[in-house]
Each structure stands twice: as structure tokens, then as C-alpha cells.
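Working through the structure, step by step
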Amino acid sequence: MRNFRELDIWSLGVVLAKDVYNLLKSFPITEKFGLVSQMSRCAVSISSNIAEGCSRDSQKDFSRFLQIALGSSFELETQLEISRQLNFINETDFTEILDKLNSLQRRIQALKSYVNKNLGPNT
């Protein structure tokens, strides 16, 4: 079992989720069950799947949960773009959070590649 709290990607995911929640405070109330709900779930899902993957016994399972976290990050990126185009997010906030998200995506992918490269025959 791995300690997820020792992973930078988990910590960065938690910070990103907090940033997304703060950003969502300014969204129209009409989006409470739309983009706000979707984006908050995706943001929380990133670090949650990293943590869950750490509890798995095999490297293969850990890699699968990293892939799920990565998928959630790309969902969030799409929802951020939609929010920008709907003018729910200004350009500065969009760029700032997108830069953090893209950096996190690269780090998750790097760890996933490392884990996959080191898969043994029985892992």
C-alpha cells in the first residue's frame, strides 16, 4: 500500500479542487445542477482516484486509477473551456487554473508511464 499523502500529484489535486470550488462561487445559480455540479465532482475525483489507487495491491490497479484521475482532469478541462466560452470565467482565471490543470495532467501521465514501465508479470 502506498501513502497517497506523499504524492505531489495528490497534493496538487487537492489544491486544484479548492481552486475550482472557489471559482465556482461566482457561477450563476442556474448552473448549480449543471456545470457547477459537474466541475466540482471532476475536481474532487482527480485526487480521490489517486488516493484510491494507492490503496490497491497491484501496480496495474494503481495505473488504472491514475488513468481515471487523468480522465477526470480532461473532463474538467472541457468544462472549464465551456465555462470560459459562456463568460462564466474571465480569461485570467481561466489561464491560471488551466496552467495548474495541465501541469497536473503531465505529472499524472508521467507517474502512470513510470508505473506501467515497471509492471512485472504478476502485478
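Now for a look at the structure at hand. (Residues numbered from 1 in each chain as written. Predicted model: local features only at pLDDT ≥ 70, side-chain atom pairs only at ≥ 80, totals over all residues. Heavy atoms only, no water.)

Take the nonpolar core next. Counting 31 residues, the largest nonpolar core has I46, L76, L80 and I108 as the members making the most contacts within it. Listed by contribution, the elements that provide at least two residues to this core are helix 1 (8–24), helix 2 (35–54), helix 3 (59–85) and helix 4 (91–117). In terms of residues, this core owes the most to one element, helix 2, which gives nine residues. Setting aside chain neighbours within four positions, we find L80 in contact with L23, M39, I89, F94, I97 and L101. (Core = buried A, V, L, I, M, F, W, Y, C linked by side-chain atoms within 4.5 Å. Buried < 20%, exposed > 50% of the residue type's maximum accessible area, 1.4 Å probe, protein only. Helix = DSSP H or I, 4+ residues; strand = E, 2+ residues; numbered from the N terminus. Contact = heavy atoms within 4.5 Å.)

Moving on, we get to helix 2. The end-to-end C-alpha distance of helix 2, which contains 20 residues, comes to 29 Å, matching closely the 28 Å that a straight helix rising 1.5 Å per residue would cover. Of all the bends in helix 2, the largest measures some 30 degrees and sits at S45. Most of helix 2 sits out of view: 14 of its 20 residues are buried. (Expected span 1.5 Å × (residues − 1). Bend = angle between axes of the 7 residues up to and from the residue.)

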